Amino acid sequence: MYDKLKYTDETDKSLGIAGMAITLVACDCEDMLACVSLEEGEESISMAEEFFFNGNPRLSAKIAWNEILKQFQVTAGMLIGNVLCRKFCKGTSPDADLLKLVHDIIVEEGARNCSLDEDEADAVYNKNYRYYNRLFMHPTVAGVARDFATALRMQRRMTSGEVIENLRRLGNI
């Protein structure tokens, strides 16, 4: 079932990482990124500690839930960005089966991690999909993504600062 999400090669993987990094910049969450990597045995994308909400007994339940929901929304956006960037940068579009798989993953994770009803998780998917579909269809974004993926394949690993530097052209969009 998840075979449709597997990377086909290193170029595909670097484009997926580019999509996730661009998504973080687009939702103003680049400060949550620690690094990206193509190295074997390392996570493709590592998040900073601030990304992970571990709970705090001094916070109200509402504040805690909002933090968990924000993390879910960012993660959902990163999944969508990964898939769209990989497809659009290769000159194709995601097929209906792939989009349904992404949708179903987001709905399932929304229920599991945030206790969202299907329609609530569906709204998160739809909002993210519409926004990131427009973003990744932009020709400048596709060019930035390809350049970033090429730089990552050459460099193998980038810190958050290097990621932001490589994506600085996005500020002109």
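Above this text you will find the structure in question.
The notes below deal with the structure included here.

Basis of the calculations
Residues numbered from 1 in each chain as written. Predicted model: local features only at pLDDT ≥ 70, side-chain atom pairs only at ≥ 80, totals over all residues. Heavy atoms only, no water. Helix = DSSP H or I, 4+ residues; strand = E, 2+ residues; numbered from the N terminus. Expected span 1.5 Å × (residues − 1). Polar contact = N/O pair within 3.5 Å; in protein donor to acceptor, adjacent residues only side chain to side chain. Contact = heavy atoms within 4.5 Å. Buried < 20%, exposed > 50% of the residue type's maximum accessible area, 1.4 Å probe, protein only. Disulfide = S-S within 2.5 Å. Axes fitted to C-alpha atoms, helices over the stretch in contact; angles between N-to-C directions. Parallel < 35°, antiparallel > 145°, perpendicular 65-115°, else oblique. Left-handed = near helix turned anticlockwise from the far one by under 90°. Nonpolar A, V, L, I, M, F, W, Y, C, P; charged D, E, K, R; others polar. Phe/Tyr/Trp six-rings, centres within 6.5 Å; stacked < 30°, edge-to-face > 60°.

A separate point is helix H1 (residues 10–26). Helix length check: H1 (17 residues) gives 24 Å between terminal C-alpha atoms against 24 Å at 1.5 Å per residue, within 8%. Between a side-chain oxygen at the N-terminus of H1 and the backbone nitrogen of Thr11 the separation is 3.2 Å; the capping residue is Asp9. Residue Asp28 follows H1 closely and has a positive phi angle near 60 degrees.

Turning our eyes to something else, we now look at the side chain of Ser44. Examined against the element boundaries, Ser44 turns out to sit in the loop between strand E1 (33–37) and strand E2 (45–47). Discounting chain neighbours no more than four positions away, the residues touching Ser44 are Lys13, Ile17, Cys35, Val36 and Ser37.

Attention now moves to unusual backbone geometry. The phi torsion of most residues other than glycine is negative, and most of the peptide bonds are trans. Even without glycine at this site, Asp28 takes up a positive phi of about 60 degrees. On the accessibility criterion, Asp28 (59% relative accessible area) is exposed. Here Ser115, not a glycine, exhibits a phi torsion of approximately 55 degrees, which is positive. Note on placement: Ser115 falls in the loop between helix H3 (96–114) and helix H4 (118–137). Look at Ser115 and you get exposed, because its relative accessible area is 61%.

Next up on the list: the environment of Leu167. Its place among the elements puts Leu167 in the segment after helix H6 (160–166). Taking the C-alpha atoms as reference points, Leu167 and Ala145, separated by 22 residues in sequence, lie 8.1 Å from one another. Excluding anything up to four places from it in sequence, Leu167 contacts Ala21, Ile22, Val25, Val144 and Phe148.

Another point: the state of the cysteines. Tallied over the entire structure, the rule returns zero disulfides. As a non-bridged cysteine, Cys35 has Cys29 as the owner of its nearest cysteine sulfur, 17 Å distant. With no disulfide of its own, Cys114 lies closest to Cys29 among cysteine sulfurs, the gap being 14 Å.

With that out of the way, let us pick up the packing of H1 against H4. Relative orientation of the contacting elements H1 and H4 amounts to 115 degrees, with a least axis distance of 12 Å. Taken together, the axes of H1 and H4 lie roughly perpendicular to each other. Of the two elements, H1 crosses H4, and the hand of that crossing is right-handed. Packed against H1, whose contacting residues are Gly19, Ile22, Thr23 and Ala26, the element H4 presents Tyr131, Tyr132, Leu135 and Phe136 at the interface. Of the residues belonging to the contact of H1 with H4, the class tally is six nonpolar, two polar and no charged.

This paragraph deals with the packing of aromatic side chains. Each aromatic ring pair is characterised by the separation of its centres together with the angle its planes make. Taken as a whole and judged by the stated rule, the model has three aromatic pairs. Geometrically, the ring pair formed by Tyr125 and Tyr129 is stacked, given 5.8 Å between the ring centres and 10 degrees between the ring planes. Here Tyr129 and Tyr125 lie together in helix H4, a separation of four residues that amounts to about one turn. The buried category is assigned to Tyr125, whose relative accessible area is 7%. Where Tyr132 meets Phe136, the ring centres are 6.5 Å apart and the plane angle is 40 degrees; that geometry is what we call tilted. Separated by four residues within a single helix, Tyr132 and Phe136 lie in helix H4, roughly one turn from each other. Chaining the aromatic ring pairs together yields one cluster made of Tyr131, Tyr132 and Phe136.

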